[in-house]
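# An overview of the molecular structure
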Amino acid sequence: MADIEIRKVTATIGAQVTGVDLARPLDEETVAAVREALNVHKALVFDDVRLDDAGQEAFARHFGELTTAHPTVPAVEGAPNVLPVDSERGRANHWHTDVTFVLNPPQASTLRSITVPPYGGETLIANAAAAYRDLPEPLRRLADTLWAEHTNDYDYAVPEESVDEERAAQRAQFTSIKYRTAHPVVRVHPLTGERGLFIGGFAQRLVGLSVPESRRILDLLQAYVTRPENVLRWRWSENQLVLFDNRITQHYAIDNYDGLPRRLNRVTVAGDVPVGTEGKESYSIEGDASHYTSVARSAHYTSVAGPAAAAA
C-alpha cells in the first residue's frame, strides 16, 4: 500500500491526501484506505495530479462502475463518461447533489481542474450528515418521515426575464428528457449507516404537500446544510482532483470570476438506489435513465433502523 497521508482541511468536511499516485493502478489496500477517508471526510483533495480523461476514468473505476457523462448533457467528444463542467456551457451556482432527479444518482463524483481562473471559481462542498446532526430533535423526527420529488424540469439557475437565446438552448438540452423521482429527505448511507439530508436544488416538492408548503420546509432544512461550519470552500489550483461522496454532500460552484474561462472535467461513479430511515427505497415517477446508469440494488446498511443509524 502507498504511504498515504490524510490531513483534515476543516473540522467537519474535507481532507487533503498525499502519497497516492493517481496515474498508476491502485492496489486494494490503497483503494480501501481512500474509501475509508472518503467515508470520514466526505471530500478528498489530491494535488499535483497528472491525468488525462482516461486516467481520471481509471481512477474513478476503482470505486465502481462509471455512469455516462450525464443523462441529457453531451460528454467530452470521444470520452462518453466525461462531462465538461465549463463556464461557457453554463454555471452550476446553486446548491445541489449531482443528478438526484434519477432513481440511482452517482455514489461519488470526481472533478479535475483543466482551466482555473486567476481568482474566484471556488467550489463549496457541504456535509449533509453534519446538517442532519445539527437539526433540533423535533425537526429531525419530521425530516425522517418526509419524501421529496426531485426533477430536472425547472429553471434553477436564472430568472425567466434574464434567459437569453443561449441559456434557453442550454435549458432545452438539460430538460430534453424530463425526470421526476421521489427520494427520502433523510438518506441512510449504505456503507456507514450515517443519516444525511438528501435534498438540494433538484428537490422541488415534498410528497403530500403543496409547492409553497414544501418550499418553506425545504428552505428550513437546507439552511442547516449550508451553515458555514458544514462547508468546505475549495480554491482550485492547476492539476488538482477532488473526490466527493455524492450520497451525503451537496456542492455549489461560485460564480465570482468575472466570466473568465473555468473548466473542470467530471467523472461519476454509479450509485445505488437511496434508502430512507424506514428501509424504503426511492422510486421513479417519470423518465428512463438506463442510458446513463444501470440500476444495481445492493444490500444497504444492515442497521438502517437500529441504534447506530439513529445516533449517526
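- An unreviewed UniProt entry lists the chain under the name Taurine dioxygenase, with Streptomyces naganishii JCM 4654 given as the organism.
- For the record of the chain, the UniProt heading Cofactor (unreviewed entry) holds the text "Fe(2+)".
- Of the comments in the UniProt record for the chain, the one headed Sequence similarities (unreviewed entry) reads "Belongs to the TfdA dioxygenase family."

### A closer look at the overall build of the chain
- Summing up its helical and strand segments, the chain has seven helices and 16 strands in all.
- Residues classed as buried in the chain amount to 53% of the 312 residues present.
- In the chain, the proportion of contacts linking residues at least 24 apart, taken out of those at least 6 apart, comes to 82%.
- Just so you have it, the chain exposes about 13,500 Å², and 50% of that area is on carbon and sulfur atoms.

### A closer look at unusual backbone geometry
- One non-glycine residue, Asp48, adopts positive backbone phi at about 50°.
- Looking at the secondary structure, you find Asp48 in the loop between strand E3 (43–46) and helix H2 (53–61).
- The class for Asp48 is exposed, based on a relative accessible area of 52%.
- The backbone phi angle of Asp258 is positive, close to 55°, even though this residue is not glycine.

### Examining the confidence of the model for the chain
- This prediction gives the chain a mean pLDDT of 90; 89% of its residues lie at or above 70.
- Here residues 298–312 is a poorly scored stretch, pLDDT under 50, and it has 26 contacts once near neighbours within four places are set aside; other chains count.

### What to know about the side chain of Arg195
- On the secondary structure map, Arg195 appears in strand E10 (residues 195–197).
- Separated by 3.4 Å, the side chains of Arg195 and Tyr132 make a polar contact.
- Within the structure, Arg195 has its side chain in polar contact with the side chain of Asp144 (distance 3.3 Å).

### A short note on the packing of aromatic side chains
- Taken as a whole, this structure holds eight aromatic pairs when the rule is applied.
- The interplanar angle of 70° and the centroid separation of 5.7 Å between the aromatic rings of Phe46 and Phe59 together place this pair among those described as edge-to-face. Remark: Phe59 occurs in helix H2 and Phe46 occurs in strand E3; sequence separation between them is 13 residues.
- Taking the centre distance of 5.6 Å and the plane angle of 50° together, the rings of Trp95 and Tyr252 count as tilted.

### Let's talk about the sheet that holds strand E6 (residues 123–127)
- Taken in spatial order, the three strands make up an open sheet running E12-E6-E14, and their pairing is antiparallel. Here the strands that pair on one side only, and so sit at the sheet edges, are strand E12 (231–234) and strand E14 (249–253). Each adjacent strand pair in this sheet contributes to an overall mean axis angle of 20°, direction not counted.
- In this sheet, E12 lies alongside E6 in antiparallel orientation, the contact comprising four bridges.

### Things to note about the nonpolar core
- Counting residues in each nonpolar core, the largest one holds 25 residues, and the members touching the most others are Leu22, Leu44, Phe46, Phe59, Phe63, Leu241 and Leu243.
- Residue assignment for this core shows that the elements contributing at least two residues are strand E2 (15–18), helix H1 (28–41), E3, H2, strand E13 (241–245) and strand E15 (263–269).
- Once residues within four sequence positions are removed from consideration, Leu22 is found in contact with Phe46, Val49, Leu51, Phe59 and Leu241.
- Counting 22 residues, the second largest nonpolar core, distinct from the first, contains Leu146, Ile199, Ala203 and Leu206.

### Regarding the sheet that holds strand E5 (residues 108–115)
- Spatially, seven strands are ordered E1-E2-E3-E13-E5-E15-E4 in an open sheet, and the strand pairing comes out mixed. Sheet topology places strand E1 (5–8) and strand E4 (83–86) at the edges, where each strand pairs with a single neighbour. Mean inter-strand twist for the sheet, computed between neighbouring axes without regard to direction, equals 25°.
- Note that E2 and E3 share three bridges and pair parallel. Each residue of the ladder has a partner; that of Gln16, found in E3, is Val45.
- Contacting E1, E2, E3 and E13, H1 crosses the sheet at an angle of about 125° to E3.

Reading the values: rules and limits
Throughout this description, residue numbers start from 1 for each chain and increase along the sequence as written. For this predicted model, a pLDDT threshold of at least 70 governs which residues receive local features, and a threshold of 80 or more governs which side-chain atom pairs are given and counted, while totals over whole chains, interfaces and linings are taken from all residues. Here the side-chain values reflect all heavy atoms present in the structure, with hydrogen atoms and water set aside. UniProt positions are given in the numbering used here, feature names are shortened, and annotations may be inferred rather than shown by experiment. Numbering of helices and strands runs from the N terminus, with a helix taken as a DSSP run of H or I at least four residues long and a strand as a DSSP run of E at least two residues long. Each residue gets one of three labels from its accessible area relative to the maximum for its type: buried under 20%, exposed over 50%, partly exposed in between, using a 1.4 Å probe on protein chains only. Note on contacts: a residue pair qualifies if any of its non-hydrogen atoms lie within 4.5 Å across the two residues. Computed with the Shrake-Rupley method and a 1.4 Å probe, the accessible areas treat only the protein chains shown as cover for residues. For every residue, the predictor assigns a confidence score, pLDDT, that lies between 0 and 100. Here a polar contact is taken to be a pair of N or O atoms separated by no more than 3.5 Å, where protein atoms must pair a possible hydrogen donor with a possible acceptor and residues adjacent in sequence count only if both atoms sit in side chains. In this scheme Phe, Tyr and Trp rings, the latter by its six-membered ring, pair at centre separations within 6.5 Å, and the angle between planes marks the pair as stacked below 30 degrees, edge-to-face above 60, and tilted otherwise. The pairing criterion is simple: DSSP has to find at least two bridges between the two strands. Convention adopted: a line fitted to C-alpha atoms gives each axis, helices being fitted over their contacting stretch, and angles between N-to-C directions are expressed from 0 to 180 degrees. Here, the term nonpolar core denotes a set of buried Ala, Val, Leu, Ile, Met, Phe, Trp, Tyr and Cys residues that are joined through side-chain atoms within 4.5 Å.

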